[in-house]
Amino acid sequence: GENVEQHPSTLSVQEGDSAVIKCTYSDSASNYFPWYKQELGKRPQLIIDIRSNVGEKKDQRIAVTLNKTAKHFSLHITETQPEDSAVYFCAASPGFGNEKLTFGTGTRLTIIP
Amino acid sequence: GAGVSQSPRYKVAKRGQDVALRCDPISGHVSLFWYQQALGQGPEFLTYFQNEAQLDKSGLPSDRFFAERPEGSVSTLKIQRTQQEDSAVYLCASCGTSGSTDTQYFGPGTRLTVL
């Protein structure tokens, strides 16, 4: 089955700086790679996703890049703000969103004011 | 519109008790997923429904876990003879069927504590 590894497990960044979180996956059949943000005690919320036919996607301060050959994808957050502090999870799926997701172990991002 | 809802939000059970966790998906969503999230970990897949059909139950950890979705909308996850290792947050997610609606939307979860 699919295995997703995520690094780092914790990340502290000065407000205004950039944060990068990296994930690797094992199953070459995976086609869909969402990123979820989870605040303490809250539900995971989708912040951005990418499909295998695209190498990069950007939404304001958030971007995701995908390297299918190397089987890795990354989340980039620029101009970080205190409200970006949360746990971020990457995930992979063999289909698109309507198939099961395999999640990474999460990255706790702390923005230092 | 209303998002995915789950009830109860918190459940405390004594070891050996049976519990039932409910999920109300987004109206019209065909696909429904259950995940288990242990403290400090990412969600792990349990089972998946498309309408009332349970298409994948490969993630259920034992035969004490049972899920159903009899009318293709509300789903219930039942855990029989709960054990301490069952303590976790149980998340439900629902998803549309095509195009840009294939994002999985999560509910707030049910935090189960087994004493």
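Described below are features of the structure shown in this document.

Calculation rules
- Residues numbered from 1 in each chain as written.
- Chains lettered and ligands numbered in written order.
- Predicted model: local features only at pLDDT ≥ 70, side-chain atom pairs only at ≥ 80, totals over all residues.
- Heavy atoms only, no water.
- Helix = DSSP H or I, 4+ residues; strand = E, 2+ residues; numbered from the N terminus.
- Rg over C-alpha atoms; globule rule 2.2 N^0.38 Å.
- Contact = heavy atoms within 4.5 Å.
- Areas by Shrake-Rupley, 256 points an atom, 1.4 Å probe, with all protein chains shown as cover.
- Lys, Arg positive; Asp, Glu negative; His and termini not counted.
- Charge placed at Lys NZ, Arg CZ, Asp CG, Glu CD.
- Disulfide = S-S within 2.5 Å.
- Buried < 20%, exposed > 50% of the residue type's maximum accessible area, 1.4 Å probe, protein only.
- Pairing = 2+ DSSP bridges.
- Axes fitted to C-alpha atoms, helices over the stretch in contact; angles between N-to-C directions.

### Focus on the overall build of chain B
For step 1, the next point in the chain: Each helix and strand in chain B was counted, giving zero helices and eleven strands.
For step 2, the next point in the chain: Its C-alpha atoms give chain B a radius of gyration of 13 Å, within 12% of the compact-globule value 13 Å for 115 residues.
For step 3, the next point in the chain: For chain B, the spread of C-alpha atoms along the principal axes amounts to about 45 × 25 × 20 Å.
For step 4, the next point in the chain: Sequence separation of 24 or more characterises 52% of the internal contacts of chain B that already satisfy a separation of 6 or more.
For step 5, the next point in the chain: Total accessible area on chain B is roughly 5,600 Å²; 47% of this is exposed by carbon and sulfur atoms.
For step 6, the next point in the chain: Distance between charge centroids for chain B: 9 Å, based on 11 positive and 11 negative side chains.

### Structural notes on the state of the cysteines
For step 1, the next point in the chain: This model, assessed by the stated rule, comprises two disulfides over all chains.
For step 2, the next point in the chain: Here Cys 23 of chain A connects covalently by a disulfide to Cys 90 of chain A, the sulfurs 1.9 Å from one another. Measuring handedness by torsion sign, the sulfur bridge of Cys 23 of chain A and Cys 90 of chain A sits at about -100° and is left-handed. Of the two residues, Cys 23 of chain A is situated in strand E3 (residues 19-25) and Cys 90 of chain A in strand E9 (residues 86-92); the sequence distance between them amounts to 67 residues.
For step 3, the next point in the chain: Put simply, Cys 23 of chain B and Cys 92 of chain B are joined by a disulfide, and their sulfur atoms are 1.8 Å apart. Linking Cys 23 of chain B and Cys 92 of chain B, the disulfide has an S-S dihedral of approximately -65° and is accordingly described as left-handed. With Cys 23 of chain B in strand E3 (residues 19-24) and Cys 92 of chain B in strand E9 (residues 88-95), this pair connects stretches of sequence that are 69 residues apart. The two residues Cys 23 of chain B and Cys 92 of chain B agree in class, both being buried.

### Here's the deal with the sheet that holds strand E1 (residues 5-7) of chain B
Residues and elements named next belong to chain B.
For step 1, the next point in the chain: Taken in spatial order, the four strands line up as E1-E3-E8-E7 in an open sheet, and their pairing is antiparallel. In the strand order of this sheet, the two ends are held by E1 and strand E7 (65-68), each with one partner. Each neighbouring strand pair of the sheet contributes to a mean axis angle of 15°, computed without reference to strand direction.
For step 2, the next point in the chain: The pairing of E1 with E3 spans three bridges and is classified as antiparallel. Across the sheet, residue Ser 5 finds its bridge partner in E3, namely Asp 24.

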